[in-house]
Amino acid sequence: MVTRGVKANDFGNGAVWRCIVDQAIPLTVAQLVHLLYNVVDRIYLGHMEDGDGLALTGVGLTFPVITLIMAFTALFGNGGVPLFSMARGAGDTKKAGRILGNSFSLLFVSSVILTALGYSFKRPILFAFGASEESFVYAREYLNIYLAGTVFSMLTTGLNGYINAQGFPRIGMLSIVIGAVVNIVLDPIFIFVFGMGVSGAALATVISQAFSAFWVLRFLFGKNAVIPLCRENIGISAPITFGIMRLGVVNFIMQGTNFLVQAASNSTLQTFGGDLYVGIMTVTTSVRDIFMLPVSGIVSGAQPVISFNYGAKKYDRVVSGISFNTVAGFAYTLFAWLLILAFPGFFFGIFSDKAELLAPGIEMLKIYFFGFVFMALQFAGQSTFQALGDAKHAIFFSLLRKAIIVVPLTLILPRIGFGVAGVFMAEPVSNIIGGSASYLTMRLTVYRRLKKAKKGEADE
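What you see is a predicted model, and the numbers here were worked out from it, not measured in a lab.

### Details of the overall build of the chain
The secondary structure content of the chain amounts to 17 helices and zero strands. A compact globule built from 460 residues should have a C-alpha radius of gyration of about 23 Å, and the chain, at 22 Å, falls within 12% of that. Overall size of the chain, expressed as C-alpha extent along the three principal axes, is 70 × 45 × 35 Å. Buried positions account for 59% of the 460 residues belonging to the chain. Within the chain, contacts between residues separated by at least 24 positions form 85% of all contacts whose residues are at least 6 apart in sequence. Summed over all atoms, the accessible surface of the chain reaches about 17700 Å², with 69% contributed by carbon and sulfur. Side chains of the chain give 33 positive and 23 negative charges; the mean places of these two sets differ by 14 Å.

Written out as structure tokens, the structure reads:
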């Protein structure tokens, strides 16, 4: 296997905040562009002349299915990246190569299985997630085409982290930019010019994902990768798979709990508010996705830096990375919260011009974003646990915020007098409780662990 020197593109030198920012900026741009895959679809569909916003509602009903696919992508893709980074930081390029090859194999096999299951059970799944007979038509139309691109979506998202972990965030950014540009160009052509509507949005997404997957694989199989994807490393090894899943289960649970929240929200909103409020939730989560990007970019940029320096036993740099992660995330989420409170109509209007959605939608948007600043604490704690391989704490706090707090509140609050507003209230309550608990626990456990490790190094 041909590799370049592990000193190239390492994160063990220079200011830690600079290493993180150098990673975070292109990663944020990449995530922004990646978001356009679905956001552009929603914007166009939200302005279709369907008369009642059912196209947007129908696409919103597919979110749990898409999220479940993302959960398996995170399990087999993102789960290996911290292990890959730590192996690279320790100078073990052979082990890093095997992790990459194993991750590729898991992603490919699981994408085939998920595609088959999606086609087989889409009708009962969509009705379980809150579809009505009217909105099901749009949801089925979108999903029939979207599922065909599952393999492209999983390989792009799951393997792109390995490009970033090798110190090529701009290449990782281009992986997403290429597909998103294709999507942006094809969306209006397929939706409006060819009159394909929801099917056109799905087809544009699948084609764009195929372009991105080709770019990612071309780079990883090429000679410019520090640790390339080699044919001899492609395969499934039980010990490596266990290690990937041990950390990947954190991401899987995070996405899996998002799946549970989306399913619970859509079904409850259908009961208490009908298709109108399912559409409002689609817009609300779309706005949230946009505002989550910068803090997610900071976290994504910090994780390989923290993992690398932990593997290299540079514990002071680990602490510096955690501190920057926390302060930058807190400052941004506070600004974002204030912006939403000041201009809720503007952000809601980006996704829908339907008059019947706007007034109640603005009210729900303000409720949903209350306490958004606490998301920074959740991210800081969660990402640190994951970067250091502490799967136990990362899993617990992922479950705490979504499965233990949000899902029960989503089901209970509307039934004790809060109505549809109760579904939107569940999110800020979980942010405040879950975010605070995650961050405080991280400070009490991780800092003690790093101090002990540093003392052990000094005693040797």
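### As for the packing of helix α11 (residues 275-311) against helix α12 (residues 315-342)
When two helices pack together, their arrangement is captured by the angle between the axes and the distance separating the axes. The geometry of α11 relative to α12 is characterised by a closest axis approach of 9 Å and an angle of 175° between their N-to-C directions. Relative to α12, the element α11 lies roughly antiparallel. Partitioned by chemical class, the residues of the contact of α11 with α12 number 17 nonpolar, five polar and one charged.

### Comments concerning the packing of α12 against helix α15 (residues 374-387)
Contact geometry for α12 and α15: axes closest at 8 Å, N-to-C directions at 155°. By the angle between their directions, the pair α12 and α15 is classed as roughly antiparallel. In terms of crossing hand, the pair formed by α12 and α15 is right-handed. Facing α12, whose interface residues are I322, N325, T326, G329, F330 and T333, α15 presents A376, L377, A380, S383 and T384. Of the residues belonging to the contact of α12 with α15, the class tally is five nonpolar, six polar and no charged.

### Overview of helix α16 (residues 391-412)
Compared with an ideal rise of 1.5 Å per residue, which puts 22 residues at 32 Å, α16 spans 30 Å between its outermost C-alpha atoms and is within 8% of the ideal. The largest bend along α16 measures about 40° and falls at L400.

### Points about unusual backbone geometry
Residue K313 is not a glycine yet carries a positive backbone phi of 60°. Along the chain, the position of K313 falls in the loop between α11 and α12.

### Describing the side chain of S383
Looking at the secondary structure, you find S383 in helix α15. A polar contact of 3.5 Å, which involves the side chain of S383, links it to the backbone oxygen of A380. Setting aside its immediate chain neighbours within four residues, S383 contacts V299, Q303 and N325.

### Focus: the nonpolar core
Membership of the largest hydrophobic core comes to 117 residues, with the highest contact counts inside it found for L159, V287, F291 and F424. Examining the composition of this core, we find that 14 residues originate from one element, α11, more than from any other. Residues contacting F424, with those up to four places away along its chain left out, are L269, Y277, I280, M281, T284, M364, I367 and Y368. Judged by nonpolar contacts, the second largest core, of five residues, contains A264, V406, V407 and A426.

### As for the pattern of salt bridges
Taken as a whole, this structure holds five salt bridges when the rule is applied. With its nearest N and O atoms 3.8 Å apart, the salt bridge here joins R123 to E133. Of this pair, R123 sits in helix α5 (residues 93-128) while E133 is found in helix α6 (residues 133-146), placing the two residues ten residues apart along the sequence. Residues R288 and D289 are paired through a salt bridge, measuring 3.2 Å at the closest nitrogen-oxygen approach. A single burial state applies to R288 and to D289, both of which are buried.

### A few points about the side chain of S438
Within the secondary structure layout, S438 lies in helix α17 (residues 420-459). Those residues in contact with S438, other than ones at most four positions away along the chain, are L377, Q378, G381, Q382, F385 and F397.

### What to know about the confidence of the model for the chain
Mean pLDDT over the chain stands at 86; residues scoring 70 or higher make up 93%. Ranking the elements of the chain by mean pLDDT puts helix α1 (residues 16-46) last with 74 and α5 first with 93. With pLDDT under 50 throughout, residues 1-8 is counted as low confidence; its partners more than four residues away or in other chains account for 22 contacts.

### Quick notes on the packing of aromatic side chains
The tally for this structure, following the rule as stated, stands at 19 aromatic pairs. Considering the side-chain rings of F291 and F369, the 6.1 Å spacing of their centres and the 75° angle between planes classify their relative orientation as edge-to-face. Here F291 is found in helix α11, whereas its partner F369 is found in the loop between α14 (355-368) and α15, with 78 residues between them in sequence. There is no split in this pair, since F291 and F369 are both buried.

### Structural notes on a nonpolar patch on the surface
Where nonpolar side chains cluster on the molecular surface, the patch consists of F108, V109, V112, I113, L117, F121 and I236 and spans about 640 Å² of accessible area. The residue V112 is located in helix α5 in this model. Here V112 falls in the partly exposed class, since its relative accessible area comes to 48%.

### Here's the deal with α11
With 37 residues, α11 extends 50 Å from end C-alpha to end C-alpha; this agrees with the ideal 54 Å at 1.5 Å per step. In α11, a bend of some 40° at L293 exceeds every other bend along the element, and P294, a proline, comes one to four places later. When you tally the buried positions in α11, you get 30 out of 37 residues, the bulk of the element. Directly beyond the C-terminal end of α11, a positive phi value near 60° is found at K313.

Cut-off values and rules
- Residues numbered from 1 in each chain as written.
- Predicted model: local features only at pLDDT ≥ 70, side-chain atom pairs only at ≥ 80, totals over all residues.
- Heavy atoms only, no water.
- Helix = DSSP H or I, 4+ residues; strand = E, 2+ residues; numbered from the N terminus.
- Rg over C-alpha atoms; globule rule 2.2 N^0.38 Å.
- Buried < 20%, exposed > 50% of the residue type's maximum accessible area, 1.4 Å probe, protein only.
- Contact = heavy atoms within 4.5 Å.
- Areas by Shrake-Rupley, 256 points an atom, 1.4 Å probe, with all protein chains shown as cover.
- Lys, Arg positive; Asp, Glu negative; His and termini not counted.
- Charge placed at Lys NZ, Arg CZ, Asp CG, Glu CD.
- Axes fitted to C-alpha atoms, helices over the stretch in contact; angles between N-to-C directions.
- Parallel < 35°, antiparallel > 145°, perpendicular 65-115°, else oblique.
- Nonpolar A, V, L, I, M, F, W, Y, C, P; charged D, E, K, R; others polar.
- Left-handed = near helix turned anticlockwise from the far one by under 90°.
- Expected span 1.5 Å × (residues − 1).
- Bend = angle between axes of the 7 residues up to and from the residue.
- Polar contact = N/O pair within 3.5 Å; in protein donor to acceptor, adjacent residues only side chain to side chain.
- Core = buried A, V, L, I, M, F, W, Y, C linked by side-chain atoms within 4.5 Å.
- Salt bridge = Lys/Arg side-chain N within 4 Å of Asp/Glu carboxyl O.
- pLDDT = per-residue confidence, 0-100.
- Phe/Tyr/Trp six-rings, centres within 6.5 Å; stacked < 30°, edge-to-face > 60°.
- Patch = residues over 30% accessible without salt bridge, like charges linked within 9 Å, V, L, I, M, F, W, Y side chains within 5 Å.

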